[in-house]
Amino acid sequence: MSFQNSEIEETKMSQQNMQSDRPLLVAVIFLVVIGMMAIFSASAPKCIDMGVSPLKFLIQQALGVAIGFVLLRFFSNFHYKKLMAYTIPFAYFVVAMLIWVKVGGVTVNGAQRWINLGPISLQPSEFAKPAIVLLLAGVFYRNTEVFDQNKFVTAYLPIFIMLGLIYLQPNLSMIILLLATAVTIFLCAGGSLKLVLWSAGALIPLLLWKGMHSYQSSRISTWLNPYADPLGAGYNVIQSLVAFASGGFWGVGYGASKQKLAWLPEAHTDFIYAVIGEEHGFIGCLLLICLFWTILQRGFLIATKCQDMYGKLLALGLTFSICFQGFLNMWVASSFVPATGVPMPFVSYGGSSVMVSLMMVGILLNISKDNVKRIRKYNNVRSI
């Protein structure tokens, strides 16, 4: 009888392992579906104006989503500790792609950030996000000694190369995201807050003085007073705010946005949150905030329950990277911070973004599965 009970319990365990952290997966699926709907609504008028099928951007996004869910499934079943063996090769693979961007990449709106692989266009800087999380989790899980020669060779060198190549694109917003993620991992590992503050105090003035391009510095002045140049630098922000105001509480209805027709540039990418705000109002915006908050809460819970420091740092870094980017996109569209050009994970148009984001969620799901297995083993030992 006890043997049968244990066999039934094992069957339940295996079934539940396949469903580990369902709230995280459900939140991600909701965001992907909302993103597909919003991309079609925001991009269809642009496609018609271009003389192509209204489904063009939706089909391209669907391809990225399909590949992303394959990656999610693979990494959710690939034990996260095995990633340590592939971290450095993956980092230098990202470096090689970033060099390719600099040598023969595609330039759009003055930024050289993409490479074409036949019908597929990739943005290698997106792959730098998991690469840096893997590198820093791999060197800080034992100790947070910053000035270590081994850490420089195994982690700092590829990170510095990646940041330098991304800066040359130029893509300052991605550098800010990567640095914020790196600092978060360092502090969560027990690093010195004083060292971070001293470094920020030295680097930020230098970046503002030397590192910013003219269009980047103009974004700050535009953010402070967009109406100083309403038809130029302040145009995007003003039209985004008009979209939110038009949406009100309930929104004007799906597909009924007027700003996307001719007034709001990049409606299906950087400012897709404004289109959602106009069509679905405050309720739609609140839903997105709640979904990203769910991912943040579940990711941090996974990190808290993880028994080893490497898994903790990995879960924290991946969760912070996804959610900080999502909230940053919302802040930009709402004019809480200067424009950055960062897409909203899972929602904005971009195959590379959705593929990498789903891959990162797959790693989170695998860490959560390992947590469930550990808890059940402990409970089984206690019952014996």
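Residues numbered from 1 in each chain as written. Predicted model: local features only at pLDDT ≥ 70, side-chain atom pairs only at ≥ 80, totals over all residues. Heavy atoms only, no water.

**Remarks on the packing of aromatic side chains**
Each aromatic ring pair is summarised here by two numbers: the centre-to-centre distance and the angle between the ring planes. The line we're drawing: Here a Phe, Tyr or Trp ring, Trp counted by its six-membered ring, pairs with any other such ring whose centre lies within 6.5 Å, and the pair is stacked when the planes are under 30 degrees apart, edge-to-face when over 60, and tilted otherwise. Each helix corresponds to a stretch of at least 4 residues labelled H or I by DSSP, and each strand to a stretch of at least 2 residues labelled E; elements are numbered beginning at the N terminus. Only protein chains enter the calculation, and the probe is 1.4 Å; a residue is then buried if its accessible area is under 20% of its type maximum, exposed if over 50%, and partly exposed in between. When the NZ atom of lysine or the CZ atom of arginine is within 6 Å of a ring's centre and also within 35 degrees of its normal, the charge is said to sit over that ring.
In the structure shown here, the tally under the stated rule is 17 aromatic pairs. Seen from their ring centres, Tyr-156 and Phe-160 are 6.4 Å apart, and the 40° between their planes marks the pair as tilted. With a gap of four residues between them, Tyr-156 and Phe-160 both fall in helix α6 (residues 149-167), about one helical turn apart. For Phe-160, a relative accessible area of 51% gives the class exposed. Clustering of aromatic rings is evident, with ring pairs tying together Phe-292, Phe-320, Phe-324, Phe-327 and Trp-331. Lys-56 extends its terminal NZ or CZ atom over the ring of Phe-57, reaching a point 5.7 Å from the ring centre. A cation over an aromatic ring shows up here: Lys-82 above the ring of Phe-78, its NZ or CZ 5.9 Å from the ring centre.

**Quick look at the pairing of strand β2 (residues 111-117)**
Rules: Any two strands with at least two DSSP bridges between them are considered paired.
When strand β1 (residues 106-108) meets β2, the two strands line up antiparallel, connected through three bridges. Note on β2: the bridge partner recorded for Val-108 is Ala-111. Counted along the chain from β1 to the antiparallel partner β2, the turn is two residues long, and its residue Asn-109 has a positive phi close to 55°. Here β2 runs beside strand β3 (residues 120-122); their pairing, made up of three bridges, is antiparallel. Note that in β3 the partner of Leu-117 across the bridge is Ile-120. In this antiparallel pair of consecutive strands, β2 and β3, the connection spans two residues, and Gly-118 shows a positive phi of 70°.

**Comments concerning the packing of α6 against helix α7 (residues 172-188)**
Under the convention used in this document: To define axes, lines are fitted to C-alpha atoms, for helices over the stretch in contact only, and angles between the resulting N-to-C directions are given on a 0 to 180 degree scale. Orientation categories follow fixed angle ranges, with anything under 35 degrees roughly parallel, anything over 145 roughly antiparallel, 65 to 115 roughly perpendicular, and all other angles oblique. In a left-handed crossing the near helix is turned counterclockwise from the far helix by less than a right angle, and in a right-handed crossing that turn is clockwise. Here, two residues are considered to be in contact whenever any of their heavy atoms come within 4.5 Å of each other. Three residue categories are used. Nonpolar comprises Ala, Val, Leu, Ile, Met, Phe, Trp, Tyr, Cys and Pro, charged comprises Asp, Glu, Lys and Arg, and polar comprises the others, including Gly.
Where α6 meets α7, the closest approach of the two axes is 9 Å, and the angle between their N-to-C directions is 155°. Classified by the angle their axes make, α6 and α7 are roughly antiparallel. The hand of the α6/α7 crossing is left-handed. Facing α6, whose interface residues are Leu-163, Ile-166 and Tyr-167, α7 presents Met-174, Ile-175, Leu-178 and Leu-179. By residue class, the composition of the contact of α6 with α7 is seven nonpolar, no polar and no charged.

**Structural notes on the pattern of salt bridges**
We apply this condition: Whenever Lys or Arg places a side-chain nitrogen within 4 Å of a carboxyl oxygen from Asp or Glu, that contact is recorded as a salt bridge.
Counting across every chain of the model gives three salt bridges. Between Lys-129 and Glu-126 there is a salt bridge, with its nearest N and O atoms 2.7 Å apart. Under the relative-accessibility criterion, Glu-126 is labelled buried at 0%. For Glu-279, the salt bridge is made with Lys-260, and the minimal N-O distance between the two is 3.1 Å. Linking Glu-279 in helix α12 (residues 272-305) with Lys-260 in helix α11 (residues 259-262), this pair joins segments that are 19 residues apart in sequence. Lys-260 shares its class with Glu-279; the two are buried.

**Some thoughts on the confidence of the model for the chain**
Any region with low pLDDT has predicted coordinates that should not be read closely. Put simply, the rule is: As a per-residue measure, pLDDT tells how confident the predictor is, with possible values from 0 to 100.
Looking at the chain, pLDDT values average 84 and 84% of them are 70 or higher. Confidence over residues 1-18 falls short of pLDDT 50; this stretch has ten contacts with residues more than four positions distant or in other chains.

**Structural notes on helix α10 (residues 235-247)**
Quick note on the threshold: Helix span, as expected, comes to 1.5 Å for every residue beyond the first.
Compared with an ideal rise of 1.5 Å per residue, which puts 13 residues at 18 Å, α10 spans 19 Å between its outermost C-alpha atoms and is within 8% of the ideal. Listed in full, the buried residues belonging to α10 are Tyr-235, Val-237, Ile-238, Gln-239, Ser-240, Ala-243, Phe-244 and Gly-247. Buried residues along α10 sit in contact with α11, α12 and α13 (309-333). A positive phi of about 60° marks Gly-248, the residue just after α10.

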